[in-house]
Structures are given as C-alpha cells and as structure tokens.
Amino acid sequence: DISQKGKHHCTDFSTNPDLLPEPAMDFQHYEDSLHFKFAGIRKPRLCNFDALKFAKSQEGWILPWGEPDGNGYYGEGRELNFSNPAVRSWYGEKLAPLLRDGVSFWWNDEGETEYFTFYWWCKSQADVLHQLEPTRRYYSLNRAFVPGMADSALACGPETGGFTSETEAGLLTRWYQVGVFMPIMRVHSAKEATPHWPWLWGERHGKAMKSALELRYRLIPYHYSLAHNMFLNRRLWMRPMRMAFPGETELADVTNQWMDGQLLVAPVLREDSEKHFRLPEGTWFPFESSKDQCTVTGPREVSGKA
C-alpha cells in the first residue's frame, strides 16, 4: 500500500536498473535483434514522495478522489488531473527522457478517474512525442476509450486470458478467438497462473490458439485500413449492431455480436460450443468459405455447434 504522501523509493519516470541497466542500449537490442517494440506501462497517479509533494503544491494538479474499484477507491490523493494543461506539460517533460532512450509506445492503465482522463492523458503523451519527433506517429494501448481518442490513440481490446486466477484450455481458446476481431489483441496472464502460451495447453487447444494468432496477423492490413479510415473519416470500425443496422429493431439490444468493419463477429460464449446469432438483412458470405459454398441471405437466426 502507498499512502497519500507517497514513498521515497518509488520512481515514477525511470526504469529498474536491475532489469534495464542501460535502457537506450537495451531497447535498441530488443528492436534490432529480437524485433520487439518496448512499451512502458503507465498509471495516472504518482508514487514518489517528492513528485507528489511538488504536485500537491500546485493548484488543481491532483484530483480529489481516486480510482474506483469494486470496494470503493484506491490511489486517493495521488491521481493526476490531466485536464489541467500545466499537468500535461509537466508530465510530458518527465516522459521525454524515456522516449529518447527508445520507448516506442505507452500502455495506459487504470485511468477511469474521470470520463476524459484517457483522452487528456494520451494528448500529453502525443504532444511531447511530436515535440521530439514531429513526424512520428503516436500509439498507445488504453484500458478504456472515450470520444476523441481516435485522433491519436488506439484503444479498446480484451486482456485476453485474464489475470486473476487459473483458466482452462477451452475458455482460453475462445478468448484468443474473440481477440482476433478486436482493435487490440494482447494476451494477458498472471505470475501465479499457467502462462497463456498456446503450447502449454495441449495439442488440440494449442493448435486452435495458434490458428487464431495466424488469422490475426493475416488481418493486420484489413484492420490497419479500418483504423486509418476511422482517423480520416471519423467512422468507427468496431460498431454495435444497432449502429450498423439502425433499421432492424430486432438487433437494437443485441450485445453478443458486432461488426468488425464488414465482418460480422459472433463469438462462441458457451462451454458446450453452442452458438446462436442473428444475420441482418442482405447477402452474407461465410468467413473463409470456398468459392463453391453458397451465400446466406438474411435476416435470419443462426444456431448450431461451432
């Protein structure tokens, strides 16, 4: 637990010297030799005693509440008010050395302190990046999405596999398959659980997870085009059925299927692999069907085994 005063040993804007003794050299090695981009995970609050003391001496820098969770709030007295331009400027200056060392993007977590926290948080990061490298594209992963973020950041995607306890192979496989059709697919895990690598879950399920990952990579050009279209034309690429088919009242309250661009996604949500979804009006082509397969005409209900 960290009190509202913070702790002297906390470092909010640096790396662990035991893990990354030479950050710039380490990040370059990851990219050149391993083809990895390094992301820095961020929280919207401060931990360091001196940083907190300074922030609290400035008017309006710290929110009067914390991050909500199921039992109340945490981080109270330490959450930055990113709607304040002075906070964004100061925060960006603190991130600049990490960007110079080679941090490629940010993973912003736990920013549900205010409705627009993620928006202003991303703006702070994007502004300092463009000060350092005007032509470089800003990218971040964010736990939540609010209007306006499509201008600067990609957000929204499941923490595939979860992180609270052990799972089982069938559920993890279905989770992989859902993640394929999200803007961001990031497989998550926890140190006390079996790691969520496909090869640790048996041949049958491992093969299915590997297939999902391969499909994800095949869809990268498609998803990239949808992301670019969203940026240029303000057209969401992930749309609820109600938005995609406003004239079909039967779809108004459907929450277990959505449109990924022009792909209708209806994940399998049952342990027995039973599926049920609704095709809107029109002519539909089964995904990855052969040229000899027939089209399907909607509207209609579709049920059966996946």
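If you're wondering where the values come from, they're calculated on a predicted model, not measured in any experiment. (Residues numbered from 1 in each chain as written. Predicted model: local features only at pLDDT ≥ 70, side-chain atom pairs only at ≥ 80, totals over all residues. Heavy atoms only, no water.)

Explain the overall build of the chain here, please?
Each helix and strand counted, the chain has eight helices and 12 strands in total. Based on the C-alpha atoms only, the size of the chain along its principal axes is roughly 65 × 45 × 45 Å. Within the span of the chain, comprising 306 residues, buried residues form 41% of the whole. Expressed as a percentage of contacts within the chain between residues at least 6 apart in sequence, the contacts between residues at least 24 apart total 60%. Approximately 18,100 Å² of the chain is accessible, and the part contributed by carbon and sulfur atoms is 55%. (Helix = DSSP H or I, 4+ residues; strand = E, 2+ residues; numbered from the N terminus. Buried < 20%, exposed > 50% of the residue type's maximum accessible area, 1.4 Å probe, protein only. Contact = heavy atoms within 4.5 Å. Areas by Shrake-Rupley, 256 points an atom, 1.4 Å probe, with all protein chains shown as cover.)

Is there a simple way to explain the packing of aromatic side chains in this structure?
The geometry of an aromatic ring pair is captured by the separation of the ring centres together with the interplanar angle, meaning the angle of the planes. A complete count under the given rule lists 17 aromatic pairs for this structure. Considering the side-chain rings of Phe 13 and Tyr 91, the 5.6 Å spacing of their centres and the 75° angle between planes classify their relative orientation as edge-to-face. In this pair, Phe 13 is assigned in the segment before α1 (23–33) and Tyr 91 in helix α3 (residues 85–101), connecting sequence segments 78 residues apart. For Phe 13, a relative accessible area of 18% puts it in the buried group. (Phe/Tyr/Trp six-rings, centres within 6.5 Å; stacked < 30°, edge-to-face > 60°.)

What should I look at first to understand empty space enclosed by the protein in this one?
To find leftover empty space, one rolls a probe the size of a water molecule over the atoms. Enumeration over the complete set of coordinates arrives at two cavities of 30 Å³ or more. For the second largest cavity, the calculated volume is near 30 Å³. What lines the second largest cavity is Leu 63, Leu 80, Asn 81, Phe 82, Ser 83, Glu 114, Phe 116, Thr 117 and Trp 120. Grouping the amino acids of the lining of the second largest cavity by side-chain chemistry returns five nonpolar, three polar and one charged. (1 Å grid on protein atoms, 1.4 Å probe; cavity = no way out; pocket = protein on both sides within 12 Å on 5 of 7 lines; lining within 4 Å. Points joined across faces, edges and corners; volume = space filled by probe spheres on them. Nonpolar A, V, L, I, M, F, W, Y, C, P; charged D, E, K, R; others polar.)

Which parts of the structure should I look at to understand the packing of helix α5 (residues 169–179) against helix α6 (residues 203–218)?
When two helices pack together, their arrangement is captured by the angle between the axes and the distance separating the axes. Packing of α5 against α6 leaves a shortest axis separation of 9 Å and a crossing angle of 10°. With respect to their mutual orientation, α5 and α6 come out roughly parallel. Of α6, the residues touching α5 (which contributes Ala 169, Gly 170, Leu 172, Thr 173, Tyr 176, Gln 177 and Gly 179) are His 205, Ala 208, Met 209, Ala 212, Leu 213 and Arg 216. Within the contact of α5 with α6, the residues separate by chemical class into seven nonpolar, five polar and one charged. (Axes fitted to C-alpha atoms, helices over the stretch in contact; angles between N-to-C directions. Parallel < 35°, antiparallel > 145°, perpendicular 65-115°, else oblique.)

It is not clear to me how the state of the cysteines should be interpreted in this structure. Could you clarify?
Disulfides are covalent bonds that connect the sulfur atoms of two cysteines. Within the structure shown, the criterion is met by one disulfide. The side chain of Cys 10 participates in a disulfide bridge whose partner is Cys 47; the two sulfur atoms lie 1.8 Å from each other. Remark: Cys 47 occurs in the loop between β1 (39–42) and α2 (49–56) and Cys 10 occurs in the segment before α1; sequence separation between them is 37 residues. Given the relative accessible area of 11%, Cys 47 is considered buried. (Disulfide = S-S within 2.5 Å.)

Quick question: what am I supposed to make of the pattern of salt bridges here?
Any two side chains of opposite charge can pair, given that their charged atoms come close. Within the structure shown, the criterion is met by 14 salt bridges. The partner of Glu 67 in a salt bridge is Arg 143, and the shortest N-O contact between them spans 3.3 Å. Of this pair, Glu 67 sits in strand β2 (residues 67–69) while Arg 143 is found in the loop between β5 (140–142) and β6 (159–160), placing the two residues 76 residues apart along the sequence. Across the salt bridge formed by Lys 123 and Asp 127, the nearest N and O atoms sit 3.0 Å from each other. Of this pair, Lys 123 and Asp 127 both sit in helix α4 (residues 117–132), four residues apart, roughly one helical turn. It is possible to trace a salt-bridge network through shared partners that takes in Lys 43, Arg 45, Glu 67, Glu 79, Asp 109, Glu 110, Glu 112 and Arg 143. (Salt bridge = Lys/Arg side-chain N within 4 Å of Asp/Glu carboxyl O.)

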